[in-house]
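# Structural description and commentary
The lines below spell out each chain.
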Amino acid sequence: MPLRLPDRLPAIDILKRENIFVMDDTRAHSQDIRPLRIVILNLMPLKITTETDLIRLLSNTPLQLDINFMKLKSHTPKNTPIEHMMMFYRDFDSMRNEKFDGMIITGAPVEQLDFEKVSYWEEITTIFEWAKTHVTSTLYICWAAQAGLYYHYGVPKYPLDKKMFGIFPQRMLDAQLPIFRGFDDEFMMPHSRHTELHREDILANPALSLIAESDDSGVSIVMARNGREFFITGHLEYAPNTLDNEYRRDKDIRSDVEVPRNYYHDDDPSKPPFVTWRAHANLFYNNWVNYYVYQETPFDINSIS
């Protein structure tokens, strides 16, 4: 089944060229189906790139998804045309009385700031609180994962001596969970961050379940409220060239940028990336939509509480 997307969203043409089935609003209105409503709070600087990455993964579900984009009123993005934001995004204030089957909150380039010093901290914590009663299941990614764990459960973040940058093997700690259905014993996950979580802080809180981690990159996935919240410290959604673009951008600015680990063929940046995470990324998002959104959300969306 296709994704239902706003007419003229740039991701539509990109994904159609990749032979991914997407449907614009005009065609979707002719189908008598209750699609799952998914809202994406996109905090990444390159919004169109992140939209496309997430939609690519969501496209593999057999269910029809109605994708909505949320933006912060207290922050104006600098790297995305204002026309794009006005056409496809809505402020939280205009959505606060709506309910959604699923929500995705992305990372943001503010991880080295204390949470309370982030300019939009008050607004985003209001959204975190709102999601508890207006969304069936929420995925928090990278900085949002750290921010969500800090706000909801008091889990601190810690600075790293050097950036966690590359593709790292992860292991499941509870392979019976539906989110891992079909997974191999080990799966790969991209990471790009300057801070980390400590596993002892997660294990000390009975409301949290550490469900995946890595000897190299540490805590990777935390679950709470029986799957109504997932906190993912890495970026399963990354496209094959995302870390390459980040490496080359930073290398032109600073001299201390390291080559992302386990990423290029033979760890040689002159060679193309070696993609090892895409299959499990698709499976993870498919499992989330199926088992934690579709199977759990009420048919009457207004019954979400």
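Scroll up to find the structure.
First, a word on scope: everything that follows refers to the structure included in this document. (Residues numbered from 1 in each chain as written. Predicted model: local features only at pLDDT ≥ 70, side-chain atom pairs only at ≥ 80, totals over all residues. Heavy atoms only, no water.)

## Observations concerning the pattern of salt bridges
Operational definition: A side-chain nitrogen of Lys or Arg and a carboxyl oxygen of Asp or Glu constitute a salt bridge if their distance falls within 4 Å. In this description a helix means any DSSP run of H or I spanning at least four residues, a strand means any run of E spanning at least two, and both kinds are numbered starting from the N terminus. The buried label goes to any residue with under 20% of its type's maximum accessible area, the exposed label to any with over 50%, and the partly exposed label to all in between, with areas taken from a 1.4 Å probe on protein chains only.
Summed over all chains, the structure comprises 19 salt bridges. A salt bridge links Arg199 to Glu213; its shortest N-O distance comes to 2.9 Å. Note that Arg199 is positioned in helix α7 (residues 199–203) and Glu213 in strand β10 (residues 208–214), a separation of 14 residues in sequence. For the salt bridge of Lys271 with Asp266, the shortest nitrogen-to-oxygen distance reads 2.6 Å. The exposure class assigned to Lys271 is partly exposed, which follows from its relative accessible area of 33%. Within the structure, one salt-bridge network assembled from shared partners comprises Lys163, Glu246, Arg249 and Asp250.

## A look at the environment of Thr52
Mapped onto the elements, Thr52 comes out in helix α3 (residues 47–58). When the C-alpha atoms of Thr52 and Ile14 are compared, they prove to be 7.8 Å apart, with 38 residues separating the residues in sequence.

## Quick notes on the nonpolar core
Heads up, the condition is: We define the nonpolar core as a collection of buried residues of types Ala, Val, Leu, Ile, Met, Phe, Trp, Tyr and Cys that are connected through side-chain atoms lying within 4.5 Å of one another. Residue contacts follow a heavy-atom distance rule, with two residues in contact if any of their heavy atoms lie within 4.5 Å.
Counting residues in each nonpolar core, the largest one holds 52 residues, and the members touching the most others are Phe180, Ile221, Tyr285 and Trp288. Here the element with the most residues in this core is helix α9 (residues 278–294); it accounts for 7 residues. For Trp288, the contacting residues outside a window of four places in its chain are Ile38, Leu58, Gly102, Met103, Ile104, Ser137, Leu139, Ile179, Phe230 and Val293. Counting 38 residues, the second-largest nonpolar core is a separate cluster that includes Ala108, Ala144, Val155 and Phe231.

## A few points about the pairing of strand β11 (residues 218–224)
Test applied: When DSSP finds two or more bridges between two strands, those strands count as paired.
Of all the 7 residues making up β11, 6 are buried; the element is thus mostly covered by neighbouring parts of the structure. Two strands pair when backbone bridges link them, and β10 and β11 are joined in this way by 6 bridges, in the antiparallel orientation. Looking at the pairing, Ala212 lines up with Ile221 of β11. Hairpin connection, β10 to β11: the antiparallel pair is bridged by 3 residues. In the sheet, β11 pairs with strand β12 (residues 229–232) via 4 bridges, with the strands oriented antiparallel. Counterpart to Val222 in the pairing with β12 is Phe231. Counting the residues that bridge the hairpin from β11 to β12 gives 4 residues, and of these Arg225 lies at a positive phi of roughly 55 degrees.

## Details of the side chain of Arg37
Let me state the cut-off plainly: Pairs of N or O atoms are called polar contacts if they sit within 3.5 Å, as long as, within protein, a hydrogen donor faces a hydrogen acceptor (for residues adjacent in sequence, only side-chain-to-side-chain pairs).
Looking at the element boundaries, Arg37 is found in strand β3 (residues 36–41). For Arg37, a relative accessible area of 19% corresponds to the buried category. A distance of 2.9 Å separates a polar atom in the side chain of Arg37 from a polar atom in the side chain of Glu98. The residues touching Arg37, leaving out its near neighbours within four places in the chain, are Asp66, Asn68, Arg90, Glu98, Lys99, Phe100, Asp101, Gly102 and Ile301.

Geometric values such as these leave the question of function open.
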